[in-house]
Amino acid sequence: MKLREKQIHLFFKIGVWSKVIDGTLEMIAGFALLFTSPESLRNLVGWLTQGELQEDPTDFVATRLVEFCHQLSISTKHFASAYLLVYGITKMGLGAGLLRGKLWSYPMALAVLGVFLCYQGYRFSHNHSVGLGLVSVLDLIVIVIIWRDYRYMKKNKKAQSQVAPVKHDDSDVGAEL
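Residues numbered from 1 in each chain as written. Predicted model: local features only at pLDDT ≥ 70, side-chain atom pairs only at ≥ 80, totals over all residues. Heavy atoms only, no water.

Turning our eyes to something else, we now look at the side chain of T63. As for its position among the elements, T63 is in helix 3 (residues 60-71). A polar side-chain atom of T63 sits 3.1 Å from the main-chain carbonyl oxygen of F60. A polar contact of 3.2 Å, which involves the side chain of T63, links it to the side chain of R64. Not counting residues up to four positions away in its chain, the partners in contact with T63 are L53, P57 and T58. (Helix = DSSP H or I, 4+ residues; strand = E, 2+ residues; numbered from the N terminus. Polar contact = N/O pair within 3.5 Å; in protein donor to acceptor, adjacent residues only side chain to side chain. Contact = heavy atoms within 4.5 Å.)

Structure, rendered in structure tokens:
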């Protein structure tokens, strides 16, 4: 493995581990959201943002969180919970396959991340969230790195399979009968 390929593979591992950790956090958040009432969420966000809003009543993040919690309906809560659970579990499963070098997981991860990236692009076109834009750019970088590692792994597997195969002597297969 050349130095450049080692560096790309290191970035691949860092990117995949970041997705696995992110997926774990999304899964935890999805379960928490599923089993938490909107009233409890409003109280928690109020408690978390209280100090910041006293210091700066126009704080962008704190005011958006409070607004979001006050507008949160049960159906939105269930959708957000399901989205976080599905995306989190998917990231964890695909991450496990990628980190183990399973070739099937590469195209699957590219497809899933591509679909979620398209969805993020759609959402970005409506809300112009800087955070969503940054996450989308990072996802795109991870997709490119997965693609590069996939090409490398396929080339490696192909080269290994072209090594002289072990020949079995079939002449004495039936000799024991």
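Looking now at the packing of helix 4 (residues 74-99) against helix 5 (residues 105-127). Two packed helices can be described by the angle between their axes and the distance between those axes. Where helix 4 meets helix 5, the closest approach of the two axes is 9 Å, and the angle between their N-to-C directions is 150°. By the criterion of interaxial angle, the relationship of helix 4 to helix 5 is roughly antiparallel. Pair helix 4 / helix 5 crosses with left-handed handedness. Contact with helix 4, carried on its side by F79, Y83, Y87, T90, L94, G97 and L98, involves S105, Y106, M108, A109, V112, L113, F116, Y119 and Q120 of helix 5 and no other residues of that element. A breakdown of the residues in the contact of helix 4 with helix 5 according to their chemical character gives 12 nonpolar, four polar and no charged. (Axes fitted to C-alpha atoms, helices over the stretch in contact; angles between N-to-C directions. Parallel < 35°, antiparallel > 145°, perpendicular 65-115°, else oblique. Left-handed = near helix turned anticlockwise from the far one by under 90°. Nonpolar A, V, L, I, M, F, W, Y, C, P; charged D, E, K, R; others polar.)

What follows deals with a nonpolar patch on the surface. A cluster of nonpolar side chains, contributed by W17, I21, L25 and I28, occupies part of the molecular surface with about 440 Å² of accessible area. Mapped onto the fold, I21 is located in helix 1 (residues 3-34). (Patch = residues over 30% accessible without salt bridge, like charges linked within 9 Å, V, L, I, M, F, W, Y side chains within 5 Å. Areas by Shrake-Rupley, 256 points an atom, 1.4 Å probe, with all protein chains shown as cover. Salt bridge = Lys/Arg side-chain N within 4 Å of Asp/Glu carboxyl O.)

Here the focus is the pattern of salt bridges. Under the definition given, this model contains four salt bridges. Taking the shortest distance from any N to any O, the salt bridge between K19 and D139 comes out at 2.0 Å. Remark: D139 occurs in helix 6 (residues 130-161) and K19 occurs in helix 1; sequence separation between them is 120 residues. Residue classification places K19 among the buried residues on the basis of a relative accessible area of 11%. Residue D22 pairs with K91 through a salt bridge whose shortest N-O separation is 2.2 Å. Of this pair, D22 sits in helix 1 while K91 sits in helix 4, and the two are 69 residues apart along the sequence. Take K91: its relative accessible area is 6%, and that puts it in the buried class. When salt bridges with common partners are traced through the structure, they connect D22, E26 and K91 into a single cluster. (Buried < 20%, exposed > 50% of the residue type's maximum accessible area, 1.4 Å probe, protein only.)

Orientation of helix 2 (residues 38-55) relative to helix 3, taken along the N-to-C sense of each, is 160°, at an axis distance of 9 Å. In terms of their interaxial angle, helix 2 and helix 3 are classed as roughly antiparallel. The hand of the helix 2/helix 3 crossing is left-handed. Between helix 2, through L41, R42, V45, T49, E52 and L53, and helix 3, the contact on the second element is made entirely by A62, T63, L65, V66, C69 and H70. When grouped by side-chain class, the residues that make up the contact of helix 2 with helix 3 number seven nonpolar, three polar and two charged.

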